[in-house]
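Geometric and topological summary
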Amino acid sequence: MRLLNLLKIAYKAIVLNKTRTLLTMLGIIIGVASVIAMLAIGEGSKESIRATISSMGSNMITIRPGADDRGPARGSGGNVQTLVLEDYKEIKKQASLLSNITPVVNGGGQVINGPNNWPSSIYGVNPEYLEIKAVGLQSGSMFTDAEVQSASKVALIGQTVVENVFPDGQDPVGQMIRFNNIPFKVIGVLEEKGENTFGQDQDDVVIAPYTTVQKRILAIDYLNQIMASAISEDDAPEAVEQVTEILRSQHKLMDTEDDDFTVRSMEELISTFSSTSEMLTILLVAVAGISLLIGGIGIMNIMYVSVKERTKEIGLRMAVGGKGSDILMQFLIEAILISITGGLLGVILGLGATVFIEKFLNWPTSVALYSIVISFAVCAVTGIFFGWYPARKASALDPITALRYE
């Protein structure tokens, strides 16, 4: 019953000073809303990064020539020639944790169809490439192993190439195009994938047998890279180690020698980008947390003012038998009510801001339950921490002095 009375008294004191109370809450409201919105942006970014990188290839593992420079967006190996077809064959033969594997050779040039031409890239691969890259066919079919062995001049093209060399809407399947004056028969059109994490257009591509690209387009006998996919995400780290051991043995590297190749999994890339996103999120939340600190200082300030204004009231209550603990609890409840109410309004504002950011700014967001729980916990702690000292001061007033206060 005593607690209920203290709650009523605290509520009345807050209602009597609506404007002042609202201004006091403002720091808490903005702080909580900022924390929720920033965490939502951070979580949304991490999920978006994971989804985008995963869309580049399920459980994909890339093997590139040259030592690992740990850059997030390496090229195809340039003139480094440490990967050859025998490496691909040995990995395919020995690696038990890989579900698919393909050699890759690639180059640039002009795709030509009559008067229409478009600068694009050609990738020489085998039929397992589509499974590794998680790419579907909109129409037509993939070339066969027999066509790879015979270096057939057949190709699949992406949507960007279709739009630029078949602008009249003609079905490309069955048509002839030229890539750097080498004729290719279009046997399939790839499904649209859009841009990847690095801003590269995944639809601006021509896919052909690697033997054809090696012999007829690039005139090389080495590989630009090897792509593979692990049996599952859990197997990816072990698959990377397995491939590394096979290649070190194949390249006859001594224990003291560094790798002359780089093996990386998509999980590693996801982890790198996610950690960067986490650091930015922590920074943003730290900045947003400053508003909570300011809000807490505002609560302390207003409680000090309240103690001064109600000194006579405090003296009267203590003179008629009120305990110091009751006075302390009353002012502490006021501080907590202000803080919690500000927290509730902040949560509503934060959720609203998250919806606005996603709908109108098109930024990915994801509201985590823990962000709301943390915000409420911080509000309660803020109310207790910043409200306790003024409340303690009020409870320690001398009744006689308080009654004489003007």
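As the structure is a computational prediction, the values presented were derived from the model and not from experiment. (Residues numbered from 1 in each chain as written. Predicted model: local features only at pLDDT ≥ 70, side-chain atom pairs only at ≥ 80, totals over all residues. Heavy atoms only, no water.)

**A look at the UniProt feature "transmembrane region" (unreviewed entry) in the chain**
Convention followed: UniProt positions are given in the numbering used here, feature names are shortened, and annotations may be inferred rather than shown by experiment. Secondary structure elements follow DSSP: runs of H or I of four or more residues count as helices, runs of E of two or more count as strands, with numbering from the N terminus.
Here the UniProt-annotated "transmembrane region" (unreviewed entry) positions come out as residues 21–41, 279–307, 328–357 and 369–389. For residues 21–41, the end-to-end C-alpha separation is 30 Å, with 100% helix and 0% strand making up the annotated structure. Here residues 279–307 runs as 100% helix and 0% strand, with 42 Å between its end C-alpha atoms.

**Side note on the packing of helix α3 (residues 85–94) against helix α8 (residues 236–250)**
Basically, it comes down to this: Orientation is described by lines fitted to C-alpha atoms, with helices fitted over the stretch in contact, and by angles between N-to-C directions that extend from 0 to 180 degrees. With respect to orientation, any angle under 35 degrees is reported as roughly parallel, any angle over 145 as roughly antiparallel, any angle of 65 to 115 as roughly perpendicular, and every other angle as oblique. Crossing handedness is defined as follows: a turn of the near helix away from the far one that is anticlockwise and smaller than a right angle gives a left-handed crossing, while the clockwise case is right-handed. In what follows, residue pairs with any heavy atoms lying within 4.5 Å of each other are defined as contacts. All residues other than Ala, Val, Leu, Ile, Met, Phe, Trp, Tyr, Cys, Pro, Asp, Glu, Lys and Arg, Gly among them, are scored as polar; the first ten of these are nonpolar and the last four charged.
Their axes nearest at 10 Å, the elements α3 and α8 cross at an angle of 135°. It follows from the interaxial angle that α3 and α8 lie oblique. Every pair of crossing elements has a handedness; the one defined by α3 and α8 is right-handed. Within the contact between the two elements, α3 uses Glu-86, Asp-87, Glu-90, Ile-91 and Gln-94 and α8 uses Val-243, Ile-246, Leu-247 and Gln-250. Here the contact of α3 with α8 is built from residues that sort into four nonpolar, two polar and three charged.

**So, the pairing of strand β5 (residues 154–157)**
Note the following rule: The buried label applies to any residue whose accessible area, calculated with a 1.4 Å probe on protein chains only, is under 20% of its type's maximum; exposed applies above 50%, and partly exposed to all values in between. Between any two strands, pairing holds if DSSP finds at least two bridges.
Of the two faces of β5, both are covered, the one formed by Val-154 and Leu-156 as well as the one formed by Ala-155 and Ile-157. Two strands pair when backbone bridges link them, and β5 and strand β7 (residues 182–190) are joined in this way by four bridges, in the parallel orientation. By the bridge assignment, Ile-157 is partnered in β7 with Val-189. For β5 and strand β8 (residues 205–209), the ladder comprises two bridges, and the chain directions are antiparallel.

**Side note on a negative patch on the surface**
Condition: Surface patches are drawn from residues lacking salt bridges whose relative accessible area is over 30%; two like charges belong together within 9 Å, two nonpolar side chains (Val, Leu, Ile, Met, Phe, Trp, Tyr) within 5 Å. For the accessible areas, the method is Shrake-Rupley and the probe is 1.4 Å, while residue cover comes only from the protein chains on display. One side-chain nitrogen of Lys or Arg within 4 Å of one carboxyl oxygen of Asp or Glu is enough to make a salt bridge. When charges are tallied, Lys and Arg are placed among the positive residues and Asp and Glu among the negative ones, while His and the ends of the chain are skipped. The atom standing in for a charge is NZ when the residue is Lys, CZ when it is Arg, CG when it is Asp and CD when it is Glu.
Side chains of Glu-163, Glu-192, Glu-195 and Asp-201 sit close together on the surface and give a patch of like negative charge. Mapped onto the elements, Asp-201 comes out in the loop between β7 and β8. Classification of Asp-201 as partly exposed rests on a relative accessible area of 35%.

**Re the side chain of Ser-339**
If you trace the backbone, Ser-339 turns up in helix α11 (residues 324–360). Accessibility expressed as a relative area gives 0% for Ser-339, which makes it buried. Setting aside its immediate chain neighbours within four residues, Ser-339 contacts Ile-28, Ile-299, Cys-379, Ala-380, Thr-382 and Gly-383.

**Quick notes on unusual backbone geometry**
Non-glycine residue Asn-181 carries a positive phi angle of around 70°. Turning to its location among the elements, Asn-181 is positioned in the loop between β6 (176–179) and β7. If you check the backbone angles, Asn-362 has positive phi at about 60° while not being a glycine. With respect to the helices and strands, Asn-362 occurs in the loop between α11 and α12 (369–395). With a relative accessible area of 61%, Asn-362 lands in the exposed category.

**Quick notes on the environment of Ile-9**
Of note, Ile-9 is situated in helix α1 (residues 2–15). For Ile-9, a relative accessible area of 31% corresponds to the partly exposed category. Put simply, Ile-9 and Ile-333 are 324 residues apart on the chain and 9.5 Å apart in space, counted from C-alpha to C-alpha. Discounting chain neighbours no more than four positions away, the residues touching Ile-9 are Arg-317 and Gln-330.

**Some points on the environment of Gly-295**
Inspection of the secondary structure puts Gly-295 in helix α9 (residues 266–309). With a relative accessible area of 2%, Gly-295 lands in the buried category. On a C-alpha basis, the gap between Gly-295 and Phe-386 in space is 9.5 Å, while along the polypeptide they are 91 residues apart. Non-local contacts of Gly-295, meaning those with residues more than four positions away in its chain, are made with Thr-24, Gly-27 and Ile-28.

**A few points about a nonpolar patch on the surface**
A surface patch of nonpolar side chains, amounting to about 490 Å² of accessible area, comprises Leu-280, Leu-283, Val-287, Ile-290 and Ile-294. When you line up the elements, Ile-294 lands in helix α9.

**Comments concerning the nonpolar core**
The nonpolar side chains of a soluble globular protein tend to be buried, and buried together. We count it as follows: Joining through side-chain atoms within 4.5 Å is the link that ties buried Ala, Val, Leu, Ile, Met, Phe, Trp, Tyr and Cys residues into a set, and such a set is a nonpolar core.
In terms of nonpolar packing, the biggest core is built from 61 residues, with Ile-91, Leu-98, Phe-143, Ile-157 and Ile-207 touching the most fellow members. When residues in this core are grouped by element, the largest group, six residues, is from α8. Residues in contact with Phe-143, not counting those within four places in the same chain, are Val-125, Asn-126, Pro-127, Val-148, Val-154, Leu-156, Ile-187, Ile-207, Ala-208 and Pro-209.

**As for the side chain of Asn-113**
As a reminder, the rule being used: Any pair of N or O atoms that falls within 3.5 Å is considered a polar contact. Within protein, one atom must be able to donate a hydrogen and the other to accept it, and sequence-neighbouring residues count only if both atoms are side-chain atoms.
Its place among the elements puts Asn-113 in strand β2 (residues 98–113). In terms of polar contacts, Asn-113 uses its side chain to reach the backbone carbonyl oxygen of Val-165, at 2.7 Å. Filtering out sequence-adjacent residues up to four positions away, Asn-113 remains in contact with Val-165, Phe-166, Met-176 and Ile-177.

**Quick notes on the packing of aromatic side chains**
Operational definition: Classification of ring pairs uses Phe, Tyr and Trp, with its six-membered ring standing for Trp, and accepts pairs whose centres are within 6.5 Å; under 30 degrees between planes counts as stacked, over 60 as edge-to-face, and the remaining range as tilted.
Tallied over the full model, the rule gives one aromatic pair. Both rings, one in Phe-356 and one in Phe-360, keep their centres 5.1 Å apart while their planes meet at 35°; by these two values the pair is tilted. One end of the pair, Phe-356, and the other, Phe-360, are both in helix α11, four residues apart, so they sit about a helical turn from each other. With a relative accessible area of 62%, Phe-360 lands in the exposed category.

**Considerations on α8**
Let me state the cut-off plainly: Any helix carries an expected span of 1.5 Å times its number of residues minus one.
Helix length check: α8 (15 residues) gives 21 Å between terminal C-alpha atoms against 21 Å at 1.5 Å per residue, within 8%. Among the residues making up α8, those that are buried are Ala-236, Ala-239, Val-240, Gln-242, Val-243, Thr-244, Ile-246, Leu-247 and Arg-248. Residues of α8 that are buried in the fold lie against β1 (60–65), α3, β2, β9 (225–230) and β10 (261–265). Two residues or fewer past α8, Lys-252 is found with a positive phi of approximately 55°.

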